[in-house]
Amino acid sequence: MRVTLAITFLWFGALKVTNDTPVGDFVARTVDWLPGVSGAWFVPFLGLVEVLLGAALLFGRGLRIVLPLLFAHLVGTFLALVTQPNVTFQDDNPLMLTTEGEFVIKNLILLSAVLVLYGLQRVSTARH
């Protein structure tokens, strides 16, 4: 689970760093309303953060810090549902997702994986 999560973050992050992600504009519009935040620099920066977190996961380094950061990052993705409901929901119906809405909601699975890894890490630490 740790390795597949790492690959996902490395891959998605690299696409953001190189500006080859199909969700770049969507991510940028999610944060553009924040003072001092521009999607032009935020998307590649977020990609770099995702690559670093993915690498740490891959090598199993700093998981006590990395896993809560991943959790916070993934929770932050749900901001798009609030800032762009016209883009994430069909006809303002919260049960009818668009492609972008599905992109966000799939993060529930990634959040679950982070929670499982965090629980396993805590159990492993308690045993030593």
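Within each chain, residue numbers correspond to sequence positions counted from 1 in written order. For this predicted model, a pLDDT threshold of at least 70 governs which residues receive local features, and a threshold of 80 or more governs which side-chain atom pairs are given and counted, while totals over whole chains, interfaces and linings are taken from all residues. Working from all heavy atoms in the structure, the side-chain values ignore hydrogens and water.

### A look at the packing of aromatic side chains
Between two aromatic rings, the relevant description is the distance of the centres plus the angle of the planes. Note the following rule: Stacked, tilted and edge-to-face are the three classes assigned to paired rings of Phe, Tyr and Trp, where Trp is represented by its six-membered ring and a pair needs centres within 6.5 Å; plane angles under 30 degrees give stacked, over 60 edge-to-face, the rest tilted. Under the scheme used here, helices are H or I runs from DSSP no shorter than 4 residues and strands are E runs no shorter than 2 residues, and both carry numbers assigned from the N terminus. Here's how the labels work: a residue is buried when its accessible area is under 20% of the maximum for its type, exposed when over 50%, partly exposed in between, all with a 1.4 Å probe on protein chains only. Criterion for a charge above a ring: Lys NZ or Arg CZ within 6 Å of the ring centre, and within 35 degrees of the ring normal.
Enumeration according to the criterion identifies three aromatic pairs in this entry. With a centroid separation of 6.4 Å and an interplanar angle of 75°, the aromatic rings of F26 and F103 are classed as edge-to-face. Of this pair, F26 sits in helix α2 (residues 24-31) while F103 sits in helix α7 (residues 99-105), and the two are 77 residues apart along the sequence. Judged by relative accessible area, which is 25%, F103 ranks as partly exposed. Members of the aromatic cluster, connected to one another through ring pairs, are W41, F42 and F45. Taking the ring centre of F103 as reference, the NZ or CZ of K106 above it sits at 4.2 Å.

### A short note on the packing of helix α1 (residues 2-17) against helix α3 (residues 39-59)
Each pair of packed helices can be summarised by the angle the axes make with each other and by the distance between the axes. What counts, and what does not: Axis angles are defined between N-to-C directions and span 0 to 180 degrees, where every axis is a line fitted to C-alpha atoms and, for a helix, only to the segment in contact. Each angle receives one of four descriptions, namely roughly parallel if under 35 degrees, roughly antiparallel if over 145, roughly perpendicular if within 65 to 115, and oblique otherwise. The hand of a helix crossing depends on one turn: near helix anticlockwise from the far one by less than a right angle means left-handed, and clockwise means right-handed. What makes two residues a contact is simply this: any of their non-hydrogen atoms within 4.5 Å.
With their axes 7 Å apart at the nearest point, α1 and α3 run at an angle of 155° to one another. Regarding the angle of α1 to α3, the classification is roughly antiparallel. Where α1 crosses over α3, the two elements pack in a sense that is left-handed. Residues R2, V3, L5, A6, F9, L10, F12, G13, A14, K16 and V17 of α1 touch α3, and the partners they reach there are V43, P44, L46, G47, L48, E50, V51, G54, A55, L57, L58 and F59.

### Regarding the side chain of T88
Inspection of the secondary structure puts T88 in helix α6 (residues 85-88). Judged by its relative accessible area of 0%, T88 is buried. With residues up to four places along the chain from it excluded, the contact list for T88 reads F26, A80, L81, M96, L97, T98, E100 and G101.

### Digging into α1
Operational definition: What a helix is expected to span follows from its residue count: subtract one and scale by 1.5 Å. The arc in question is traced by the directions running from the helix axis to the C-beta atoms.
Across its 16 residues, α1 extends 22 Å between first and last C-alpha, which sits within 8% of the 22 Å expected from 1.5 Å per residue. Along α1, the residues classified as buried are L5, A6, F9, G13 and K16. Each buried residue of α1 lies within a common arc of 100° when the element is viewed along its axis, so the set occupies one face. Turned more than 90 degrees from where α1 packs its buried face, T4 and W11 sit exposed.

### Re the pairing of strand β2 (residues 93-97)
Basically, it comes down to this: Two strands are counted as paired when DSSP detects at least two bridges linking them.
Of the strand pairs in this sheet, strand β1 (residues 89-90) and β2 are connected by two bridges, and their pairing is antiparallel. Looking at the pairing, Q90 lines up with N93 of β2.

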